[in-house]
Amino acid sequence: WGHPCEMCPAQPHPCRRGFIPNIRTGACQDVDECQAIPGICQGGNCINTVGSFECKCPAGHKFNEVTQKCDDIDECSTIPGICDGGECSNTVSSYFCKCPPGFYTAPDGLKCIDVRPGFCFSSLTNGRCNNQLPQPLSKMQCCCDSGRCWSSGAAAAPEMCPIRSTDEFRKLCTVAALLPARHDLPPSRPDIIPPPPPIIPGVYPPQQPEIVYPSRAPPPHMIVPMNLTDYCQLFRHLCLNGRCVPTPGSYRCECNKGFQLDVRGECIDVDECEKNPCISGDCVNIQGSYICQCRVGYQSTATRTECR
C-alpha cells in the first residue's frame, strides 16, 4: 500500500494446504487443483482428491514431482540389454528395435530375434551333441522344436538348447510360432527356400524386397515371411498431441493446433506467450493454447485469448 510501497501485514491462513475459505460462509473447502492450476498433470489425467490431487500417467510415462507433468520413460537408456544387440529407438510411451543383419525385428518391434542359420543336433549322449540335421536352422527353429543342441557355424562349439519350462526357453520361444517351423524345410530337400514375403502392388517396388524387413534381410535360405509393420497400429500412443502417419518401416507425427515437432519428432506444446499476445494482460501458457489474465479495467473475451 502507498508510495513508496509498504508491505501489508501477513494474513493468517485460516485453512490448511489444499483448502480455501468459502467466500460466503468462511468454511474451509477443497481446492480443485486440476481446474485451478493451468498445465498441471500435462500428458496425463488429473484427478482431484480432498486437499490434494493425483496424476494418472499413461503407459510408458512417469510422473515428475518437480514439473508436475507426465514425462516419457526412455526405455532405451533405462532397460539394460534392451533389443539384444540391436539399435533401440525411443518413442512416446514405448520403443522399437532396429536389428542387425541376421536378426529379425519381432512383430511388436520390441526385440531382435536371432535368425542366423546354424547346425542343429537332435540328440545329446553323455554330454555330447549328436545327430546333426542336414538343413541349416536358426537357434529358435532348432531349440523350440525338438533339437537338443545348436551351433552358429562350423568353427563354433555347439551349445545346449535351453531346458523347456525355463525362463530362457520361454524368452527364446515366445515368438517361435511367428517364424517357419523346422518341418517347412524337409530334410530330403535342404535346398528348398520358403517363399519370400509378398510384394504389395503399387506400394513397394519389387526391385527393393529388403524394405519388407525392418532389419536387413537374413541369408537367402533363412527368408522369414513378414507383413510390413504399421507402427501407428502397433503402438496406439506414438503421437501424443498429434496424428500418427505410418511410413515404410517407421512413422511420423502430424501435430495438433498449438503443438509443433521437436528434434525427436514428438509434438510439444508451442509457448504462445513468447510472442506476448496479451495486450493489457498477463499471458499464461496452457497445453495447445494460452489464456490472458486481464488487468483491472479490462475484460477477457470468450476465448480468453485477448483483453478488451
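Residues numbered from 1 in each chain as written. Predicted model: local features only at pLDDT ≥ 70, side-chain atom pairs only at ≥ 80, totals over all residues. Heavy atoms only, no water.

Identification of the protein as FBN1 protein from Psilopogon haemacephalus is taken from an unreviewed UniProt entry. Its UniProt record, at the heading Sequence similarities (unreviewed entry), says of the protein: "Belongs to the LTBP family." According to the UniProt record, the Subcellular location (unreviewed entry) comment for the protein reads "Secreted, Extracellular space, Extracellular matrix". (UniProt positions renumbered as here; feature names shortened; annotations may be inferred.)

Asks: Can you walk me through the overall build of the protein in this structure?
Replies: Helix and strand counts for the protein come out as 5 helices and 20 strands. Relative to its 308 residues, the protein shows a buried fraction of 34%. If you take every contact in the protein between residues at least 6 apart in sequence, the share linking residues at least 24 apart comes to 34%. (Helix = DSSP H or I, 4+ residues; strand = E, 2+ residues; numbered from the N terminus. Buried < 20%, exposed > 50% of the residue type's maximum accessible area, 1.4 Å probe, protein only. Contact = heavy atoms within 4.5 Å.)

Asks: Quick question: what am I supposed to make of the side chain of Glu75 here?
Replies: Topologically, Glu75 is positioned in helix H2 (residues 75–78). Aside from chain neighbours lying at most four places away, what touches Glu75 is Gly60, Ile82, Asn90, Ser93, Ser94 and Tyr95.

Asks: Honestly, the state of the cysteines in this entry has me stumped. Any pointers?
Replies: Simply put, disulfide is the name for a covalent bond between the sulfur atoms of two cysteines. With the rule as written, the count across this model stands at 16 disulfides. Here Cys120 connects covalently by a disulfide to Cys142, the sulfurs 2.0 Å from one another. Torsion about the S-S bond of the Cys120 and Cys142 cystine: about 75 degrees, corresponding to right-handed handedness. One end of the pair, Cys120, is in strand E11 (residues 119–125); the other, Cys142, is in helix H3 (residues 139–143), with 22 residues separating them in the sequence. (Disulfide = S-S within 2.5 Å.)

Asks: I tried to follow the pattern of salt bridges on my own but got confused; where do I start?
Replies: Oppositely charged side chains may form a pair once their charged atoms are brought near each other. In this structure the tally under the stated criterion is 6 salt bridges. With a closest N to O distance of 2.7 Å, Arg170 and Asp167 form a salt bridge. Of this pair, Arg170 and Asp167 both sit in helix H4 (residues 167–173), 3 residues apart, which is roughly one turn of the helix. Accessibility expressed as a relative area gives 58% for Asp167, which makes it exposed. (Salt bridge = Lys/Arg side-chain N within 4 Å of Asp/Glu carboxyl O.)

Asks: I keep staring at the layout of surface pockets and nothing clicks. Help me out?
Replies: It is a probe the size of a water molecule, rolled over the atoms, that shows where empty space is left. For the largest pocket, the calculated volume is near 570 Å³. Considering the residues around the largest pocket, the lining is formed by 26 residues, among which Gln42, Cys70, Asn241, Cys267 and Ile268 are closest to the centre. Sorting the residues of the lining of the largest pocket by element identifies strand E6 (69–72), strand E18 (267–269) and strand E19 (281–286) as the ones contributing at least two each. Take the lining of the largest pocket: its biggest share by element is 4 residues, from E6. Its residues assigned to classes, the lining of the largest pocket comprises 9 nonpolar, 9 polar and 8 charged. Estimated volume of the second largest pocket: approximately 310 Å³. Lining the second largest pocket we find 15 residues, and of these Asp84, Cys112, Asp114, Lys171 and Leu172 sit closest to its centre. Every element with two or more residues in the lining of the second largest pocket is listed here: strand E10 (112–114), H3 and H4. For the lining of the second largest pocket, the per-class residue count stands at 8 nonpolar, no polar and 7 charged. Looking at the lining of the second largest pocket, you find at least three residues from each of domain 2 (73–115) and domain 3 (119–161). (1 Å grid on protein atoms, 1.4 Å probe; cavity = no way out; pocket = protein on both sides within 12 Å on 5 of 7 lines; lining within 4 Å. Points joined across faces, edges and corners; volume = space filled by probe spheres on them. Nonpolar A, V, L, I, M, F, W, Y, C, P; charged D, E, K, R; others polar. Domains from an automatic or database assignment.)

Asks: What's the story with the nonpolar core in this structure? I'm lost.
Replies: A general trend in soluble globular proteins is that nonpolar side chains are found buried together. In this structure, Ile113, Cys142 and Leu172 are the most contacted members of the largest nonpolar core, which totals 16 residues. When residues of this core are traced back to their parent elements, those giving at least two are H3 and H4. Composition of this core by domain shows at least three residues from each of domain 2 (73–115) and domain 3 (119–161). Phe96, Tyr231, Cys232 and Tyr251 belong to the second largest nonpolar core, which has 11 residues in total. (Core = buried A, V, L, I, M, F, W, Y, C linked by side-chain atoms within 4.5 Å.)

Asks: How should the side chain of Ser94 be read in this particular structure?
Replies: Its location among the elements puts Ser94 in strand E8 (residues 94–98). Ser94 gets classed as buried once you look at its relative accessible area, which sits at 10%. What Ser94 contacts, discounting residues up to four positions off in sequence, is Asp72, Glu75, Leu110 and Phe235.

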